[in-house]
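Observations on chain architecture
One letter stands for each residue in the lines below.
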Amino acid sequence: MIALFALLALTVGSKQFTESVILGELAVQVLRGAGVAAEHRRELGGTRVLWQALLAGQIDVYPEYTGTIAEELVPGPADLESLRAALGKVGIDLGASLGFEDNYAIGMQRAAAARLGIRSLGDLAGHPELQLGFSNEFLKRRDGWPRVQAIYGFQGAQVRGLDHQLAYGAVRSGAIAATDLYTTDAEIRAGDLVVLSDERKAFPRYQAVLLTRASSPPAVRAALASLSGRINDAAMIQMNARALIDKVSEARVAAEFLGRAGGEEESAWVRIARRTGEHLVLVGISLFLAILVAVPLGVLSFRSPRLGRLVLSAAGVLQTIPSLALLVFMIPLLGIGAGPAIVALFLYGILPIVRGTHAGLVGIAPELAESARALGLPDKAALRLVELPLASRSILSGIKIAAVIDVGTATLGALIGAGGYGQPILAGIRLADTALILEGAIPAAVLALLVQAAFDLLERVVVPKGLL
């Protein structure tokens, strides 16, 4: 039986916060203990990214919360049986509760709350002068700030959007007065924060569960069911603290909870080497495709000025789309992973290469082009033997700019499971671990410098001597 399930390859997803990553690791280790090959696609962004990936079969399991399911995914009653029936209609199985709740709340520094006499959300609503900072997802979710604002009548509130982990630092430093919390967050105790009373029950219950594709074999669901009811609130808070405060890897935290050996961490050098390979794949493939497409477009723009203006305008519009938005746009078409990241980087690389090619060809002295024609060279031969060599410096400059842009932008690919240097950067931001951030940021900067140096050397080889 174990040999049979070893042939399966399940993908477990998790959101971009520590508790979700820990729960993902628990699911992976339980599956592997049952003989099922499983991998963890960590920190894939927010609820919608994971949900769409689950529906599309790009992941097979991910941890979710009943309040989120009822409010965001299949609106309706929030009890387990109603949710199970609604999810079953779209081919998703809802497991039993894992045993704890991680509810939304709003918190403040204990000292600040005491000084202002704020004990509840109703009290907070009476202080519109205070600066509030909420996670971007909380600001948009129906069960988040919109509901709190409507139920408690916040009028004229000063609100800004922040990354969830950065918001904790901001409230502790006094930069903001209050922020949204998850009730099992270790930072509540570590930062001496107070959870404001929700006397009007604005927030629904959020029981932790595992969502699984209904097509998964029964033995897989049985293995995951071994976690049902096993994790209480105190245990989850402790696991979060181990990861966030003690800086223990989520894999090791999960192994400790399960009482198993394992969860060993890779060395920093091994992680950097693996991330470098992933990053080079993203940059290399996207740049190669951009060169194949953009150089001919640059030539076309030179040959046909009217069409050239259209091509340059279209490439310029692509460049104005925010990189994160472009990655998200790609998910419904290409799913998660390296595919959408490569396509997004390819699109970003087109403009500098098209412009470099066009500018290089336009800048050729007219008498040189006329000399080629006078020698009887056909257009294609003149382009290959005369015009492109003369424009090579400008073309290489455009390719170099595209390559450096891709190296930096590729770090965002980690948000959709593409890996690369963005993975440690995202994890470092989430864990407030500067060393982990630098583990991704420094190699990315070094790679950008190496790419630039490599193109400088290539220029000396490719560009005719008289043009250097």
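Model, not experiment: these values are computed from the prediction.

Tracing the backbone through its elements, the reader meets Gly45 in the loop between strand E2 (37-41) and helix H3 (47-55). C-alpha of Gly45 to C-alpha of Gly417: the two residues are 372 residues apart in sequence and 8.8 Å apart in space. In this structure, Gly45 is in contact with Lys15, Gln16, Leu50 and Leu415, ignoring residues within four places of it in sequence.

With that out of the way, let us pick up the packing of helix H2 (residues 18-33) against helix H12 (residues 218-225). Across the interface, H2 lies against H12 with an axial gap of 9 Å and an inter-helix angle of 125°. Relative to H12, H2 is oriented oblique. Pair H2 / H12 crosses with right-handed handedness. For the pair H2 and H12, the contacting residues are Ala27, Val30 and Leu31 in the first and Val220, Ala223 and Leu224 in the second. Grouping the constituent residues of the contact of H2 with H12 by class yields six nonpolar, no polar and no charged.

Within the secondary structure, Glu64 sits in strand E3 (residues 61-65). Accessibility expressed as a relative area gives 0% for Glu64, which makes it buried. Of the polar contacts made by the side chain of Glu64, one reaches the side chain of Tyr62; its length is 2.8 Å. When residues no more than four places from it in sequence are discounted, the contact partners of Glu64 are Lys15, Thr47, Ile69, Leu73, Gln207, Ala208, Val209 and Leu211.

A word on the packing of aromatic side chains. The tally for this structure, following the rule as stated, stands at ten aromatic pairs. Taking the centre distance of 4.9 Å and the plane angle of 70° together, the rings of Tyr104 and Phe138 count as edge-to-face. Of the two residues, Tyr104 sits in strand E5 (residues 104-109) while Phe138 sits in helix H8 (residues 136-140), which places them 34 residues apart along the sequence. Taking relative accessible area as the criterion, Tyr104 reaches 5% and is therefore assigned buried. For the pair Phe134 and Trp145, a centre-to-centre distance of 4.9 Å together with 35° between the ring planes defines the contact as tilted. You can see Phe134 sitting in strand E6 (residues 131-135) and its partner Trp145 sitting in helix H9 (residues 145-152), a full eleven residues away along the chain. Accessibility classification places Phe134 together with Trp145 in one group, the buried group. Every member of this aromatic cluster is reached through a ring pair, and the members are Phe17, Tyr65, Tyr104, Phe134, Phe138, Trp145, Phe154, Tyr182, Phe203 and Tyr206.

Moving on to the pattern of salt bridges. Across all of its chains, the model carries 17 salt bridges by this definition. For the salt bridge of Glu250 with Arg42, the shortest nitrogen-to-oxygen distance reads 3.1 Å. With Glu250 in helix H14 (residues 250-258) and Arg42 in the loop between E2 and H3, this pair connects stretches of sequence that are 208 residues apart. For Glu250, a relative accessible area of 4% translates into the label buried.

On to the side chain of Glu71, then. Structurally, the position occupied by Glu71 is in helix H4 (residues 66-73). Note on Glu71: relative accessible area 14%, which makes it buried. Separated by 2.9 Å, the side chains of Glu71 and Arg147 make a polar contact. With sequence-adjacent residues up to four places away left out, Glu71 is seen in contact with Arg142, Asp143, Arg147 and Pro204.

Rules used in this analysis
- Residues numbered from 1 in each chain as written.
- Predicted model: local features only at pLDDT ≥ 70, side-chain atom pairs only at ≥ 80, totals over all residues.
- Heavy atoms only, no water.
- Helix = DSSP H or I, 4+ residues; strand = E, 2+ residues; numbered from the N terminus.
- Contact = heavy atoms within 4.5 Å.
- Axes fitted to C-alpha atoms, helices over the stretch in contact; angles between N-to-C directions.
- Parallel < 35°, antiparallel > 145°, perpendicular 65-115°, else oblique.
- Left-handed = near helix turned anticlockwise from the far one by under 90°.
- Nonpolar A, V, L, I, M, F, W, Y, C, P; charged D, E, K, R; others polar.
- Buried < 20%, exposed > 50% of the residue type's maximum accessible area, 1.4 Å probe, protein only.
- Polar contact = N/O pair within 3.5 Å; in protein donor to acceptor, adjacent residues only side chain to side chain.
- Phe/Tyr/Trp six-rings, centres within 6.5 Å; stacked < 30°, edge-to-face > 60°.
- Salt bridge = Lys/Arg side-chain N within 4 Å of Asp/Glu carboxyl O.

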